[in-house]
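Fold and geometry: a report
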Amino acid sequence: RFAELRGLSYAGVWTMVEAGVLRFGIVDGHKCFVLTDDERRAAEIRRLDGETFSNGQKAYPLKGVDKSWPVGAKLIARRESWAFSEGASDFLHLFDLYVQYRKAGGQWVFTPMGLLGAGIKHLVPEIMRKAHGRTAVLIPDGDDSGARMGEHWSEQFSKAGADVETMK
């Protein structure tokens, strides 16, 4: 049902659940989905119906969340490329597209990761140290904050020794 609601493939949703980046639960009496990974340093909770919580925000406030840890980073393997989306919804679609691409025989292996907001200006040092020699594909939103995000992360990953591509 979640795949249908969000315009995702069943295989993509199933793979996200199996990978530990997508979970479900009830918060304040509302059915919700949770984006996180097994590291559980970053997470975002959203209502399934797309409505806001009682505080007027679309994401439930969580104490101790470290947005400098991209969701999905726990899945990084030794010699992979990375693809970063901006925000929770785009992360779901990026991961789903990756699953569909691989299922169709695509050979490029990369780790889909989500930056939970355009305002994130740094990532934990352990992630940046792993960037050297990798390809980082950035997929920012098509608005002004997304353009700034793309420029900022292109510069940061280049300084860390990564090859950077920004999707527009």
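Here the structure is shown first, and the text comes after it.
Summary of the structure given here. (Residues numbered from 1 in each chain as written. Predicted model: local features only at pLDDT ≥ 70, side-chain atom pairs only at ≥ 80, totals over all residues. Heavy atoms only, no water.)

1. Description of helix H5 (residues 144–159)
Owing to its 3.6 residues per turn, the α-helix brings residues three or four apart onto one side. With 16 residues, H5 ought to run about 22 Å at 1.5 Å a step, and its terminal C-alpha atoms sit 23 Å apart, in line with that. Buried within H5 are the following residues: Gly146, Met149, Gly150, His152, Trp153 and Phe157. The inward-facing, buried residues of H5 contact strand S5 (81–86), strand S6 (110–115), helix H4 (125–130), strand S7 (135–139) and strand S8 (163–166). (Helix = DSSP H or I, 4+ residues; strand = E, 2+ residues; numbered from the N terminus. Expected span 1.5 Å × (residues − 1). Buried < 20%, exposed > 50% of the residue type's maximum accessible area, 1.4 Å probe, protein only. Contact = heavy atoms within 4.5 Å.)

2. Here we look at the pattern of salt bridges
For the structure shown, the criterion picks out 9 salt bridges. Arg41 is paired through a salt bridge with Glu39; the nearest N and O atoms lie 3.8 Å apart. Two residues, Glu155 and Lys159, come together in a salt bridge whose shortest N-O distance is 3.3 Å. With a gap of 4 residues between them, Glu155 and Lys159 both fall in helix H5, about one helical turn apart. Glu155 sits in the partly exposed class, given a relative accessible area of 44%. For Lys159, a relative accessible area of 64% translates into the label exposed. Each of the salt bridges in this network shares a partner with another, and the network as a whole consists of Glu39, Arg41, Lys74 and Glu126. (Salt bridge = Lys/Arg side-chain N within 4 Å of Asp/Glu carboxyl O.)

3. Considering the sheet that holds S8
Pairing is parallel across the open sheet formed by 4 strands, whose spatial order is S6-S5-S7-S8. In the strand order of this sheet, the two ends are held by S6 and S8, each with one partner. The sheet shows a mean angle of 20° between the axes of neighbouring strands, direction not considered. With 4 bridges connecting them, S7 and S8 associate as parallel partners. (Pairing = 2+ DSSP bridges. Axes fitted to C-alpha atoms, helices over the stretch in contact; angles between N-to-C directions.)

4. Quick look at the layout of surface pockets
Computed from the structure, the largest pocket encloses a volume of approximately 210 Å³. Looking at the lining of the largest pocket, the elements that each hand over two or more residues are strand S3 (44–47) and helix H3 (88–103). Per-element tally for the lining of the largest pocket: the top contributor is H3, with 3 residues. If you trace the second largest pocket, you find it lined by Thr15, Leu75, Glu80, Phe95, Tyr98, Val99, Arg102, Val109, Phe110, Thr111 and Pro112. (1 Å grid on protein atoms, 1.4 Å probe; cavity = no way out; pocket = protein on both sides within 12 Å on 5 of 7 lines; lining within 4 Å. Points joined across faces, edges and corners; volume = space filled by probe spheres on them.)

5. Some details on the sheet that holds strand S4 (residues 59–60)
The antiparallel open sheet is built from 4 strands, whose spatial order is S1-S2-S3-S4. Two strands close off the open sheet at either side, each with one partner strand: strand S1 (22–27) and S4. With 6 bridges connecting them, S1 and strand S2 (residues 30–35) associate as antiparallel partners. Counted as the bridge partner of Phe24 is Phe33 from S2. The sheet contacts of H3 involve S1, S2 and S3, and relative to S2 the element is tilted by about 65°.

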